[in-house]
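This is what each chain is made of:
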Amino acid sequence: MLGIVGSLIGRMEKRMDIRAVVHYAFAAAMISLYGGRVCYLVDTLNILTWTKFLALVFIGAFIARSLLWQRFVGKAPPDAKPMHGFLVDFSMSLAISAFITIYNSSMYGFGAHSGMKVMVGVVAFGFFIAVDSALDEERKLLRESAATGKELGAANKFISLPVRFAIVGTTTIVLVVTIVYLFFARDLLLVGEGPFDDYNAMTGRMSSGLMLLCAVVLAEVVNMVISYSRTMRMHFRHHTAVLLAVAEGDFDQRVPVATKDEFGLMARYTNLMIDTLRSRTSEKQTAEDATKLKDQFVSLVAHDLRSPFNAILGFLKLAARDEQTPLSPKHKELVGRAITNSEMLVKTIDHLLDISRLQTGKMQVEPRFVSPRDLAQTGMDQLAGLAEKKGIAFINSIPASTRLFADPVLIGEIFINLFSNSVKFCKTGDTITAYAPPDAPLAFAVRDTGIGIPNEVLPDLFKPEVKTTSSGTAGEQGTGLGLPFCADIMRAHNGEISVSSEPGWGTVFMLRFPVVEPVVLLCLNGHPPRQALVESLRASGIRAVEAASPDEARWLAVEHTPHLAVIDTDNAAFGGLELLRSLRSDGRTAPLRVLAVTVSDSLQTKMAVLSLKVVGIVDGRGGADEMLKKIIRLI
């Protein structure tokens, strides 16, 4: 006998559920009070007898629950445990209510009405306990799934959250309404018939009973809401933690899948999304590594080839110019062809190196506000000799007031390539025009009246892997890499290049750049008047960001990434020089172009400012107009 009891206690301890113990103890206490307050027949019983009876019933029920839990919940599939737990607890409440009703009826002659009150009260407690136990089981499964990484739920068929809320809410309302109805229906008759000598005592009993009933129901409903809130919070916490890890590049994280509802389904699909991202990221990384390796190989080979080919080209030129042992006309022609081909080969290698440096990041884009008209004019000047030799005219129609935020060296390369390409395919009397289309903001075009480009060649002009080069009108040869290099430069500027052409009528190359508003950071200490300068900058299309102190200027320099900073460096108390030093020491702001403002004529002060790599010094006594001219020239 003792062995059986010991074994039973051991099994209970193994599966002891503190929440269930608290629930059952609370239910026993409240049913005892409930019966004593709202069921007048309980008054005929000794309170100690009634309490002992209920305690024994609930203790026995808890023991039975522990055994049933091991049998029907412990051995159930993971995703079925919450539902099995709900059924066990709710079934136990039905069994307890039936046993108490039958016992009171047979032992003490309680009527059906009194038995119904106790039965509905116990069932209501059982329902709340069952819902809380099911939610607690979901949380345990969620923790287990998080610890093991296994999916324990999210079947395709499940009861949706709105339906579950509707079922729980409707059941709660039905139980509460039934209890209140039973409470009033019988006891109001008793008040009217006066079965008690003291009418006031009866109504007082009813009032206190109703208050107890409302408090208990409210407590259980609040507990149920809190319990479900904990479950939802766990789901959201796991989802948030995993998504944050994925955002940082950790694709090994998994959202726990432990419930047969929308949360479980969402977790499973999130995990599928992470797997897809990891797969695509891996493929992308492999492709990027291969491209990087290819670019490094091309760069290495091109660099190693350029020196010997330059040497070969130099020797060929020496041989062609050697007057002591002159070449025969036939040999001189052959050497001339070798020189032409060698120059073309060296030019091809240079293009390959430029493309490789740009793609591998060795050639950095260093944008600043420049005049596209000046860049175009520089390119025209470099090719003026070739154009004049072929009888071709250059026209620069880009407005002088136009400003472009770009790397002047790289954009200059684009203009040279486009002009060179146009000269190559133009004939005597043709024109090459650089202009800004009026209907396209920040777009520039190079138009020629040459022989044009065949339509079948146009789609491949910017592809380095496709050979599209052909001989010019005077037999000029090209590398075929100039236009792909231009396309790479435009991509590096977040812009685009396009071409349109009609054979026999000419070609138009269009360059489109993103619109960038000039931003100037102002950190001035009274001269010139800051408001007047801000208004002048705004009228010139420049946005001014004002800083009241050097500390604010440091933050704004990082936050707004201005194109130019105008800093007062005179007043030591203001801290302009210290601001300059801190900007130069911070990697984020070190490249920032700075215009220093001073009213001092001290050479030592100006040398200290120049040592901090400012782009200019302006006299603060010159006023806002003078400073505006300086800013426009620098920006």
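Okay, so let's go over this structure. Keep in mind the model is a prediction, meaning the values are calculated, not measured.

1. Some details on the pairing of strand β8 (residues 519-523)
Part 1 of the reasoning: Counting buried positions along β8 yields 5 of 5 residues, so the element is predominantly enclosed.
Part 2 of the reasoning: With burial as the criterion, each face of β8 is covered, one bearing Val519, Leu521 and Cys523 and the other bearing Val520 and Leu522.
Part 3 of the reasoning: Pairing of β8 with strand β9 (residues 543-546) involves 4 bridges; the strand directions are parallel. Each residue of the ladder has a partner; that of Leu521, found in β9, is Val545.

2. So, the sheet that holds strand β4 (residues 431-435)
Part 1 of the reasoning: Ordered in space as β2-β4-β5-β7-β6, the 5 strands form an open sheet in which the pairing is mixed. Sheet topology places β2 (393-396) and β6 (496-502) at the edges, where each strand pairs with a single neighbour. Across the sheet, the axes of successive neighbouring strands diverge by a mean angle of 10°, strand direction being ignored.
Part 2 of the reasoning: Each of β2, β4, β5 (443-448), β6 and β7 (506-512) is contacted by helix α12 (residues 408-424), which is oriented at about 20° to β5, the strand it contacts most.
Part 3 of the reasoning: Packing against the sheet, helix α13 (residues 482-492) makes contact with β6 and β7, and its axis sits at approximately 140° to β6.

3. Focus: the packing of helix α14 (residues 530-539) against helix α18 (residues 623-634)
Part 1 of the reasoning: Taken N-terminus to C-terminus, the directions of α14 and α18 make an angle of 45°; their axes are 9 Å apart at the nearest point. The angle between α14 and α18 falls in the class oblique. For the pair α14 and α18, the crossing hand works out as right-handed. Taking contact as the criterion, the partners of Ala532, Leu533, Ser536 and Leu537 in α14 are, on α18, Ala624, Asp625, Met627, Leu628 and Ile631.
Part 2 of the reasoning: Considered class by class, the residues forming the contact of α14 with α18 number 7 nonpolar, 1 polar and 1 charged.

4. Some remarks on the pairing of β6
Part 1 of the reasoning: Alignment of β6 against β7, held across 7 bridges, turns out to be antiparallel. Along β7, the bridge assignment pairs Ile497 with Leu511.
Part 2 of the reasoning: Taking the residues between adjacent antiparallel strands as the criterion, β6 and β7 are bridged by 3 residues, where Gly504 takes a positive phi near 90°.

5. Some remarks on the sheet that holds β8
Part 1 of the reasoning: One open sheet accounts for 5 strands, arranged β9-β8-β10-β11-β12; its pairing is parallel. Only two strands of the sheet have a single neighbouring strand rather than two, namely β9 and β12 (616-619). Each strand axis lies, on average, 25° off the axis of its neighbour in the sheet, ignoring direction.
Part 2 of the reasoning: Along the sheet face, helix α16 (residues 576-585) touches β8, β10 (564-568) and β11 (594-598) and points at about 150° away from the line of β10.

6. Details of the environment of Leu277
Part 1 of the reasoning: By secondary structure assignment, the location of Leu277 is in helix α8 (residues 262-321).
Part 2 of the reasoning: Between the C-alpha atom of Leu277 and that of Val246, which follows or precedes it by 31 residues, the distance is 9.2 Å.
Part 3 of the reasoning: With residues up to four places along the chain from it excluded, the contact list for Leu277 reads Val246 and Phe251.

7. With respect to the layout of surface pockets
Part 1 of the reasoning: Considering only enclosed or pocket space, the second largest pocket measures out at about 720 Å³ in volume.
Part 2 of the reasoning: What lines the second largest pocket is a set of 23 residues, and nearest its centre among them are Met83, Ala134, Glu138, Arg164 and Val168.
Part 3 of the reasoning: Those elements giving two or more residues to the lining of the second largest pocket turn out to be α4 (81-108), α5 (112-148), α6 (161-193) and α7 (199-247).
Part 4 of the reasoning: Residue classes in the lining of the second largest pocket are distributed as 18 nonpolar, 1 polar and 4 charged.

8. Considerations on the nonpolar core
Generally speaking, a soluble globular protein has its nonpolar side chains buried in company with each other.
Part 1 of the reasoning: Ile411, Phe419 and Ile497 are the most contacted members of the largest nonpolar core, which has 36 residues in total.
Part 2 of the reasoning: With 7 residues, the top contributor of residues to this core is α12.

9. A look at the pattern of salt bridges
Part 1 of the reasoning: Taken as a whole, this structure holds 10 salt bridges when the rule is applied.
Part 2 of the reasoning: For Asp89, the salt bridge identified is with Arg65, shortest N-O distance 2.5 Å. Of the two residues, Asp89 sits in helix α4 while Arg65 sits in helix α3 (residues 47-73), which places them 24 residues apart along the sequence.
Part 3 of the reasoning: For Asp89, a relative accessible area of 1% corresponds to the buried category.
Part 4 of the reasoning: The exposure class assigned to Arg65 is buried, which follows from its relative accessible area of 2%.
Part 5 of the reasoning: Notably, a salt bridge pairs Arg554 with Asp551, separated by 2.4 Å at the nearest N-O pair. With Arg554 and Asp551 both in helix α15 (residues 550-559) and 3 residues apart, the pair spans about one turn of that helix.
Part 6 of the reasoning: For Asp551, a relative accessible area of 57% translates into the label exposed.

10. Quick look at the packing of helix α10 (residues 372-382) against α12
Part 1 of the reasoning: Put simply, α10 and α12 touch, their axes get as near as 9 Å, and they point 50° apart. Put simply, α10 runs oblique to α12. Judged by the twist between their axes, the crossing of α10 over α12 is right-handed. Across the interface between the two elements, Pro372, Leu375, Ala376, Gly379, Met380 and Gln382 from α10 touch Pro408, Ile411, Phe415, Ile416 and Phe419 from α12.

11. Points about α14
Part 1 of the reasoning: When we look at burial in α14, the residues that qualify are Leu533, Val534, Ser536 and Leu537. Down the axis of α14, the smallest arc covering the buried residues is 165°, so these residues share one side. Along α14, exposed side chains directed more than 90 degrees from the buried face belong to Arg538 and Ala539.
Part 2 of the reasoning: Structurally, α14 contributes buried residues whose contacts are with β8, β9 and α18.
Part 3 of the reasoning: Positive phi appears at Gly541, one or two residues downstream of α14, with a value of about 80°.

Conventions and cut-offs
Residues numbered from 1 in each chain as written. Predicted model: local features only at pLDDT ≥ 70, side-chain atom pairs only at ≥ 80, totals over all residues. Heavy atoms only, no water. Buried < 20%, exposed > 50% of the residue type's maximum accessible area, 1.4 Å probe, protein only. Helix = DSSP H or I, 4+ residues; strand = E, 2+ residues; numbered from the N terminus. Pairing = 2+ DSSP bridges. Axes fitted to C-alpha atoms, helices over the stretch in contact; angles between N-to-C directions. Contact = heavy atoms within 4.5 Å. Parallel < 35°, antiparallel > 145°, perpendicular 65-115°, else oblique. Left-handed = near helix turned anticlockwise from the far one by under 90°. Nonpolar A, V, L, I, M, F, W, Y, C, P; charged D, E, K, R; others polar. 1 Å grid on protein atoms, 1.4 Å probe; cavity = no way out; pocket = protein on both sides within 12 Å on 5 of 7 lines; lining within 4 Å. Points joined across faces, edges and corners; volume = space filled by probe spheres on them. Core = buried A, V, L, I, M, F, W, Y, C linked by side-chain atoms within 4.5 Å. Salt bridge = Lys/Arg side-chain N within 4 Å of Asp/Glu carboxyl O. Arc of directions from axis to C-beta.

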